[in-house]
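Per-entry structural report
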Amino acid sequence: MAIEFGSRRETFENYKVYETMLAGRPFKVEMGKMCGLSNASALIRYGETCVLCNVVMSPKPREGVDFFPLNVEYEEKLYAAGRIPGSFMRREGRPGERAILTSRVVDRPMRPLFPKEMRNDVCITMTVMSLDPDCSPEIAGMIGASLVTAVSDIPWNGPIGGVQVGLVDGEIVLNPTQEQRKVSDLALTVAATMDKIVMIEAGANEVDEDTMLNAIKAAHVEIKKTIEFINRIVAERGKPKIDFQVVGLDMDVFHAIQNKYLDDFKAAMDTDDKNVRDAALLPIMDKIAEEYPDLTAADLDLVSYKMQKFVVRRWLLDEGKRVDGRGINEIRPLAAEVGILPRVHGSGMFTRGQTQVLTTCTLGGTKDNQLMDDLTDEQTKRYIHHYNFPPYSVGEARAPRSPGRREIGHGALAERALVPVLPSLEEFPYTIRCVSEVLSSNGSTSQASICGSTLALMDAGVPIKAPVAGISCGLITEGERWMTMLDIQGVEDFHGDMDFKVGGTRKGITAIQMDIKIDGLTYDIIAEAFEKCRKGRLYILDEIIKPVIAQPRQELSRWAPKMFSMMIPTDKIKDVIGKGGKVVILANIQGESTSEARVAGYKKALEEGGCEIISTQYTDGVGDKAVTVTDGVLQSFPDIDAIVCCADDVALGASRAIRQTGRDGDGIIVCGFDGISSGVQAVVDGEISCTVAQDPYNMGYQCVESLLDVVEGEKLDDFIDTGCKVITPDNAQEYLGKLKSLV
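Please read these numbers as outputs of a predicted model, since none were measured by experiment.

1. Focus on the overall build of the protein
If you tally the helices and strands in the protein, you get 18 helices and 27 strands. Within the protein, buried positions represent 52% of all 743 residues. A fraction of 72% describes how many contacts in the protein between residues 6 or more apart in sequence connect residues 24 or more apart. Put simply, the protein shows about 33300 Å² of open surface, and 50% of that area lies on carbon and sulfur atoms.

Spelled out as structure tokens, the structure:
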């Protein structure tokens, strides 16, 4: 009966909460209240992390495509962590790198379990709405995506489950907390069905293969519990799967083509040259198109795909033969070079068959760190790896475009492989950017990028702890039969069942990424892939990389910036602002210069100099963040005499805040502690009151003699004041000139 005015109260009769435990923490699923127009939806609560998961399928298949159109989207909302986006518009924009990588991690295990013949668009969306740093939103999203797809009416051969694995003090830890992740030697994500492993993604501090396999097995045990939980929900409220319109070839036509042209395809494909193979296939496809005019362009592409797949797989399974004639465990011809580009800071080119990658290494100051604006606890990133895949690398005549998910994923894999061997900031105070340009692609370009980056880093003089190499292993299956092969080229990757990529040093694994096209892998397959990749990796390190460049160069390129590292004695602080006065100390919790011991030293020296420390404030970054904290300081302590900042970049933010609030005429001293050229320049420009500098060649006083040599006998006291000098507008210009003369 209609109501004339008002409304009935919504009761959400189908609403229900399902609960279980995941790695020792509560895991809840809420269904029946939100997103009623999706095929299925659920709000996942893992601890205090909340991820809203939805899946939707179009009612009709997409026309003119020869693939299954699946989109997996992982959305990070900064309100989930109580933060406002740092962009000009103050709203989330395009997905960040972490969101893209998480989308790929969820896509890879789910995609093989959809029917290959389905052409309906399917979109899975995971929206992070609340973040508990100890409870991974990525894992909550993966499990939620699996759950809603399994419950929905969309055909899918799931469910899957996922878990993260850490290695803390030699012990395997499932879904490690934030503090455990900081000290873990392993960052492994595993997805699996009840019977098989379907996805592996890992970064590791040179972990051996046996430990890695044990970690995967431990993850699978926990995943099985999650799958049982999902199956109970599906049994209660799962929808019947719909019938979909099968889009594909007329198999009678395909078999007729196969019978007539199989020998032609075999002859065309029997070569190690991709260009020759492609050229030989063109006239065959032209004949088929002429003989079967009713076949569309998509049909012809499918014919070519199926014929090539049949040839590749039959050769491998029946004859143990590879397309290019190599042995099953034979690597393609290899080459390595360094120092190719004269003006870049470091360069290396790695060639494996027709796959070739040129990587450059660029060094910059710490202010060149990439600023992060996502849900991670990282504010900046010091090592950046970019991967470019131009169309000419595969012989395509089209303009290059901005990097897509594949390029971002491959760059992240190479980055992950190299991070464990990079020197610490204290050892090497530079921002490092590597760019891998794919010059030619015939499979495993991401692993060639790892090798090329090792060459470029050592050529640039970056003191890496050990060289890193990468290689991939492929798989062909048929029923219970399976075989693996080392160093797969493009056609084997395209028509095979697995691309198992492993990067590492002689000591152990630093990165893994596994892509499959089947319903999963057994432990035996994984163990064999590990062993083959290990042997291939060691061969590349010993026989290819080491003869070209055995260790990092001892000197940086003359075109690279020179970095001066300084340690400021705390007993000089009183010389900065004089005796007496009310002082606020401003430190950056993200800065390596701001340890608790150093802040305590500043306090002690200031107090000994007769200063009154009225507050110690902390900012979690520089720039706008330092401005915001300083605004609060000025309001809370209007009569301060000085702000002592533990770094020049923090001092710049504090000085800007003083000007913006109209306090620049009050004589408030702003002092920084870096004294490098940028800090001195800030004094020259009047942006900060003063800075403190020390011997720019050493963290202490041990380098006085070498410094005297550099300035050709000039007395150190004239401008460095026995290792420490207060730089003010009166002496800044002179000091800056002398400092620059040392570079």
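2. Some points on the confidence of the model for the protein
Overall, the predicted model of the protein reaches an average pLDDT of 86, with 87% of residues at or above 70. Contacts from residues 694-723, a stretch scored under 50 in pLDDT, to residues over four places away or in other chains number 62 contacts.

3. Notes on empty space enclosed by the protein
For the coordinates displayed, the defined rule picks out one cavity of 30 Å³ or more. A volume near 60 Å³ is recorded for the largest cavity. Forming the walls of the largest cavity are Y15, E30, M31, G32, K33, M34, S41, A42, L43 and L52. Listing elements by their share of the lining of the largest cavity, those giving two or more residues are β2 (25-31) and β3 (40-46).

4. Some points on the nonpolar core
Of all hydrophobic cores here, the largest spans 129 residues; its most connected members are M212 and F500. If sequence neighbours within four positions are ignored, M212 has contacts with L186, L188, A202, A204, V207, I509, I512 and F530.

5. Examining the packing of helix α8 (residues 405-418) against helix α9 (residues 445-460)
Where α8 meets α9, the closest approach of the two axes is 9 Å, and the angle between their N-to-C directions is 45°. Classed by the angle they form, the pair α8 and α9 counts as oblique. Classified by chirality, the crossing of α9 by α8 is right-handed. Here R406, H410, L413, A414, A417 and L418 of α8 come into contact with α9, specifically with T445, S446, Q447, S449, I450, S453, T454 and L457. Each residue belonging to the contact of α8 with α9 can be placed in one class, and the counts come to six nonpolar, seven polar and one charged.

6. As for the pattern of salt bridges
By the definition in use, this model includes 37 salt bridges. R108 is the salt-bridge partner of D515, the closest N and O atoms lying 2.6 Å from each other. On the criterion of sequence distance, the pair formed by D515 in strand β21 (residues 509-516) and R108 in helix α1 (residues 97-110) is long-range, its members being 407 residues apart. Since its relative accessible area comes to 21%, D515 is described here as partly exposed. The shortest N-O distance in the salt bridge between E478 and R314 comes to 2.9 Å. With E478 in strand β18 (residues 469-478) and R314 in helix α7 (residues 297-319), this pair connects stretches of sequence that are 164 residues apart.

7. Here's the deal with unusual backbone geometry
Negative phi values dominate among residues other than glycine, just as trans dominates among peptide bonds. Cis peptide bonds are those with omega within 30 degrees of zero, and the linkage from G158 to P159 qualifies with 5°. Mapped onto the elements of the fold, P159 is located in the loop between α2 (137-151) and β7 (161-168). Positioned with a positive phi, A23 is a non-glycine residue whose angle comes to about 55°. Structurally, A23 is set in the loop between β1 (16-22) and β2.

8. Looking at the sheet that holds strand β20 (residues 498-504)
If you trace the eight strands from one edge of the open sheet to the other, you get β8-β7-β9-β10-β21-β20-β18-β19, paired in antiparallel fashion. Across the chains shown, the open sheet's two edge strands, defined by having one partner strand only, are β8 (171-174) and β19 (481-486). Geometrically, the sheet is characterised by an average inter-axis angle of 20° between neighbouring strands, direction not taken into account. Against the sheet, α2 contacts β7, β9 (186-192) and β10 (197-207), and its axis sits at roughly 155° relative to β7. Strand contacts of α9: β18 and β20, with the helix running at about 160° to β18, the strand carrying the most contacts.

9. Things to note about the sheet that holds β2
Read from one edge of the open sheet, six strands run β1-β2-β3-β4-β6-β5, paired in mixed fashion. With partners counted over all chains shown, the strands left at the sheet margins are β1 and β5 (70-76), one partner each. Looking at each pair of strands side by side, their axes are set apart by 20° on average, direction ignored. Its contacts with the sheet put α2 on β1, β2, β3, β4 (49-61), β5 and β6 (120-130), and the angle it makes with β4 is roughly 40°. Here helix α4 (residues 209-237) sits on the sheet in contact with β1 and β2, set at roughly 165° to β1.

10. A closer look at the pairing of β3
Of all the seven residues making up β3, six are buried; the element is thus mostly covered by neighbouring parts of the structure. By the bridge criterion, four bridges tie β2 to β3 in an arrangement that is antiparallel. When the bridges of β3 are listed, V29 appears paired with I44. Pairing of β3 with β4 involves seven bridges; the strand directions are antiparallel. Along β4, the bridge assignment pairs L43 with L52. Once β3 ends, the chain turns through two residues before running back antiparallel as β4, passing G47 with a positive phi of about 60°.

11. As for the side chain of E30
Within the fold, E30 resides in strand β2. Judged by relative accessible area, which is 14%, E30 ranks as buried. Reaching out from E30, the side chain makes a polar contact with the side chain of Y15 at a distance of 3.3 Å. Apart from residues no more than four positions distant in its own chain, E30 is found in contact with Y15, K16, V17, A42, L43 and R45.

Reading the values: the criteria
- Residues numbered from 1 in each chain as written.
- Predicted model: local features only at pLDDT ≥ 70, side-chain atom pairs only at ≥ 80, totals over all residues.
- Heavy atoms only, no water.
- Helix = DSSP H or I, 4+ residues; strand = E, 2+ residues; numbered from the N terminus.
- Buried < 20%, exposed > 50% of the residue type's maximum accessible area, 1.4 Å probe, protein only.
- Contact = heavy atoms within 4.5 Å.
- Areas by Shrake-Rupley, 256 points an atom, 1.4 Å probe, with all protein chains shown as cover.
- pLDDT = per-residue confidence, 0-100.
- 1 Å grid on protein atoms, 1.4 Å probe; cavity = no way out; pocket = protein on both sides within 12 Å on 5 of 7 lines; lining within 4 Å.
- Points joined across faces, edges and corners; volume = space filled by probe spheres on them.
- Core = buried A, V, L, I, M, F, W, Y, C linked by side-chain atoms within 4.5 Å.
- Axes fitted to C-alpha atoms, helices over the stretch in contact; angles between N-to-C directions.
- Parallel < 35°, antiparallel > 145°, perpendicular 65-115°, else oblique.
- Left-handed = near helix turned anticlockwise from the far one by under 90°.
- Nonpolar A, V, L, I, M, F, W, Y, C, P; charged D, E, K, R; others polar.
- Salt bridge = Lys/Arg side-chain N within 4 Å of Asp/Glu carboxyl O.
- Pairing = 2+ DSSP bridges.
- Polar contact = N/O pair within 3.5 Å; in protein donor to acceptor, adjacent residues only side chain to side chain.

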